[in-house]
Amino acid sequence: MKEKIIDYLKQTKGYFIQAGILSAYFIILELIFHYMQGFEVNSRIIYPIVFCLPLGFLIAAINILFPRKVNIGLTIVAMIIPAVWACVQICYEWVFQTYMDIKKVFMGGDVAENFGNELKDAIISNIPSMLVYVGLVVAVSLLIALKFKPNREPVKISIGGAILAVVFYLCSYGLLYVEGTGAYTPIDLYKMNPAILDNNIQNFGLITSLRIDLSQIIFPRDASDIENAFKEDNMSVLLDQEETTEPSTESSTEQNTEPSTENGTGENPSGDGNSEQGGNDEPQVPEKTKNTLDIDFEKLLANTDDKTVTAVHQYMQTLSGSNVNEYTGYFEGYNLIMICAESFTSYMISEELTPTLYKLSNNGFVFENYYGTFKSITTNGEYAFCTGLLPNTVGSTNELKVNSTFAQSIDRYLPYCMGNVFNNLDYGTYAYHSNNGDYYRREETHLNMGYKVLRFLDGSYIDGVFDGKAKLKYTTLRPNSDEETILQTMSDYLNNKDEEGNVKPFHAYYMTYSGHHPYYDMDEEGKTKSPMVFENRDIVDKLDVSSNVKAYIAANLELENMLTELLKGLEAAGCLDNTVIVLTNDHYPYGLKDYQFKELVQFNGNELEKTFGMYRNTFICYNAGMEEKVVVSEPCCTVDIIPTLLNLFGIDYDSRLLAGTDVLDPKSFHIAMLYNQSFVTDKIKYDTSSRKITYLVEKDEVSQEYIDACITYVRNKFEMSLQIINTDYYRIIYDSLEVK
């Protein structure tokens, strides 16, 4: 027996050496990446290590079937691919502060065109890191080619090696159960489909995350997976955890369950002079008590054989919807201007530098506990802001191999986008962006959202007809001036008057651009790479912050100028008091490195909270006719804006069909959801990447049942949002209602 073992080891020596070298190479690559990305070293570091073993042994088992030169060539290729992917991810994360899933490879042309300077800087800045990988590949390649010199081995050794690789994989897979099977444990993250890419890279490493991403494209979910994805929301637990306190505005840290005016009376603060447009002194209590439609889910279930649609119907049927409240119809008949502000953060607002932003963010409805859901990628934040649904941000799925969720929605019915909402009310609807209309396919997405007038850098659309001559024009290079955008577009809706000379009702939507990174030093080079920074450099030059933070503030002064001009224009047209201005960000300013963002926060006298602090932001909902502000302390996020506006404008809608919740409903459960399913309630903050819980109340006041209920709620909202678009669910619902 001993002799047979010795003989077997002699025969397989070459294979084991090659497998060992490859496994060690992958482990070193993963550890270098882990260190370079600044990931925490904890017990989960074992996963990127152990999953390298089956990969190394499997590749070696395949390669030994070939002659030496082919073997060496295939082995080197197998080493180069993850090294190149590591370099791509390092540069991508350097620019976007998130990682790139496979579907974004198909968007490479758009990324290269619009982020060329940033990508160039990323490559230059990360040359030392990339040289480490080049050196690793070269060193191991020379070791294999010159020292080891692998030979072709018999098929039986290859089969044995493959079996050994399977054994190593099963052992590695078994280790995933060490922390249990609960939500966001390693085994849960590993199985999650679609995967949360950022969490996976942090927990499993670069190579395993790539494998999971690829496998979910090749083997997409079937209907049975989606059927099992929904769990019934435990609303009784969530709502029982809510505390009822008297409204207060004395401190932003107080937990109110009801929105209040500044004097705590709960009365409508808009005053006189707007009774025809809404804002009555004594809000009318509508007959119905819920913001829902009369949807016959039993009939819908009986008339479909689609398992995915059935799963969505069954989930919707369990929901009760938000409540009609004292602010229902508060702005009925008003005009609406929505602004999605590029890379905006409320940490840059100051009364001295940005008086208009300061005024708008501290008056009207003031949402003190608002979180922007996204860390990067404009199309995701814009989509959530416009639709009230969560995009697929967590990885590649079969439905989203190429397109973002926003682009996928082009041929879907979207009744709750405000363009479509206000078209039904005979408003004029307008949308503007100072980049080309084909970027992120906005000329298609915005038409589908109901905007009759679209104006872009490369032309305009009027009722769907393109006019290449009617371009937005700017005096500088991109990113273009938000101030110049507002100055050349306000006349579209403010000069559209009836026979009596009154401005016709309108809704306008803006996606700004000036705040886009890069935030370069304010020199002559910056004049071409970051023109908005250069334009406003003198205003920020003496600020006691680093040049990059100065540059960020300078770029966003264009947003301040835009809002200043907007207020002037509205006042001159006589419709300032009956126009609502809504503003939030698409994502936080990922163009600032973490230490630079922290510097910006501290400059304005704040401290940056780890993990959640960067997402803290402002949801401006301003109307000049309001005599007193309404302070709301409920946690909320990007997808809550649409249902809140639908309620404020008195729109007949079904709140069950949206991922967000009307923030002004004191009887609903309120939660701020982040892109990776982390969340904030008035009780806890939950980080899905580490399962860390930060308690905002005494720990013994929060049950495990409550935590589990929150997790289920968030997962359901992500799944619901995805399937609404995948199935064109709104069309199914509204066809059954026979209304559009």
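Residues numbered from 1 in each chain as written. Predicted model: local features only at pLDDT ≥ 70, side-chain atom pairs only at ≥ 80, totals over all residues. Heavy atoms only, no water.

*Asks:* Describe the overall build of the chain, listing the residues and the values that go with them.
*Replies:* Within the chain one finds 30 helices and 17 strands. Taken across its 740 residues, the chain has 59% of its residues classed as buried. In the structure as shown, the chain presents an accessible area of about 30100 Å², 52% of it carried by carbon and sulfur atoms. (Helix = DSSP H or I, 4+ residues; strand = E, 2+ residues; numbered from the N terminus. Buried < 20%, exposed > 50% of the residue type's maximum accessible area, 1.4 Å probe, protein only. Areas by Shrake-Rupley, 256 points an atom, 1.4 Å probe, with all protein chains shown as cover.)

*Asks:* Any chance you could break down the packing of aromatic side chains for me, citing the residues and the numbers?
*Replies:* In this structure the tally under the stated criterion is 51 aromatic pairs. Ring centres of phenylalanine 331 and tyrosine 334 lie 5.1 Å apart, and the angle between their planes is 40°; this geometry places the pair in the tilted category. By relative accessible area, phenylalanine 331 is classed as buried at 0%. Tyrosine 334 sits in the buried class, given a relative accessible area of 0%. Arranged with centres 6.1 Å apart and planes meeting at 85°, the rings of tyrosine 416 and tyrosine 653 form a pair that is edge-to-face. With tyrosine 416 in the loop between helix H18 (405-408) and helix H19 (418-423) and tyrosine 653 in the loop between helix H28 (641-648) and strand S14 (672-673), the pair connects residues that are 237 residues apart, well separated along the chain. In this structure tyrosine 416 comes out as buried when scored by relative accessible area, which is 2%. The exposure class of tyrosine 653 is buried, given its relative accessible area of 0%. Each member of the aromatic cluster is reached from another via a ring pair, and the members are Tyr327, Tyr330, Phe331, Tyr334, Phe365, Phe367, Tyr370, Phe422, Tyr427, Phe619 and Phe649. It is arginine 537 that lies over the ring of phenylalanine 534; its NZ or CZ is 3.8 Å from the centre. For arginine 715, the ring lying beneath its charged end belongs to tyrosine 184, and the centroid distance is 4.5 Å. (Phe/Tyr/Trp six-rings, centres within 6.5 Å; stacked < 30°, edge-to-face > 60°. Lys NZ or Arg CZ within 6 Å of the ring centre and 35° of its normal.)

*Asks:* Please give an account of the nonpolar core that cites residues and values.
*Replies:* Counting 217 residues, the largest nonpolar core has Phe365 and Tyr493 as its most contacted members. Broken down by element, the residue count for this core peaks at 13 residues, all from helix H26 (residues 547-573). (Core = buried A, V, L, I, M, F, W, Y, C linked by side-chain atoms within 4.5 Å.)

*Asks:* How would you summarise the pairing of strand S7 (residues 459-462) if you had to cite specific residues and measurements?
*Replies:* Sheet topology note: the strand S6 (residues 453-456)/S7 ladder contains four bridges and is antiparallel. Looking across to S7, one finds that valine 453 is bridged to isoleucine 462. Counted along the chain from S6 to the antiparallel partner S7, the turn is two residues long. Judged from the three bridges that link them, S7 and strand S8 (residues 465-467) form a sheet pairing that is antiparallel. Each residue of the ladder has a partner; that of isoleucine 462, found in S8, is valine 465. With antiparallel pairing between neighbouring strands as the criterion, S7 and S8 make up a hairpin whose turn holds two residues, including aspartate 463 at a positive phi of roughly 50°. (Pairing = 2+ DSSP bridges.)

*Asks:* Give me the lowdown on the packing of helix H15 (residues 307-317) against helix H29 (residues 704-726), citing residues and values where you can.
*Replies:* Geometrically, a packed helix pair is captured by the angle between its two axes and the distance between the axes. At a minimum axis separation of 11 Å, H15 and H29 run at an interaxial angle of 135°. By the angle between their axes, H15 is oblique relative to H29. Relative to H29, H15 is oriented so that their crossing is left-handed. For the pair formed by H15 and H29, the contact residues are Thr308, Val312, Tyr315 and Met316 on the first element and Asn716, Lys717, Met720, Gln723 and Ile724 on the second. A breakdown of the residues in the contact of H15 with H29 according to their chemical character gives five nonpolar, three polar and one charged. (Axes fitted to C-alpha atoms, helices over the stretch in contact; angles between N-to-C directions. Parallel < 35°, antiparallel > 145°, perpendicular 65-115°, else oblique. Left-handed = near helix turned anticlockwise from the far one by under 90°. Contact = heavy atoms within 4.5 Å. Nonpolar A, V, L, I, M, F, W, Y, C, P; charged D, E, K, R; others polar.)

*Asks:* Before we move on, can you summarise helix H8 (residues 155-175) with the specific residues and values?
*Replies:* For H8, which comprises 21 residues, the first-to-last C-alpha distance of 30 Å matches the rise-based estimate of 30 Å (1.5 Å per residue) to within 8%. Looking only at H8, the buried set comprises Ile157, Ser158, Gly161, Ala165 and Ser172. What you see down the axis of H8 is that its buried residues fit within an arc of 95°, all on one side. Away from its buried face by more than 90 degrees, H8 exposes Val155, Lys156, Ile163 and Leu170. (Expected span 1.5 Å × (residues − 1). Arc of directions from axis to C-beta.)

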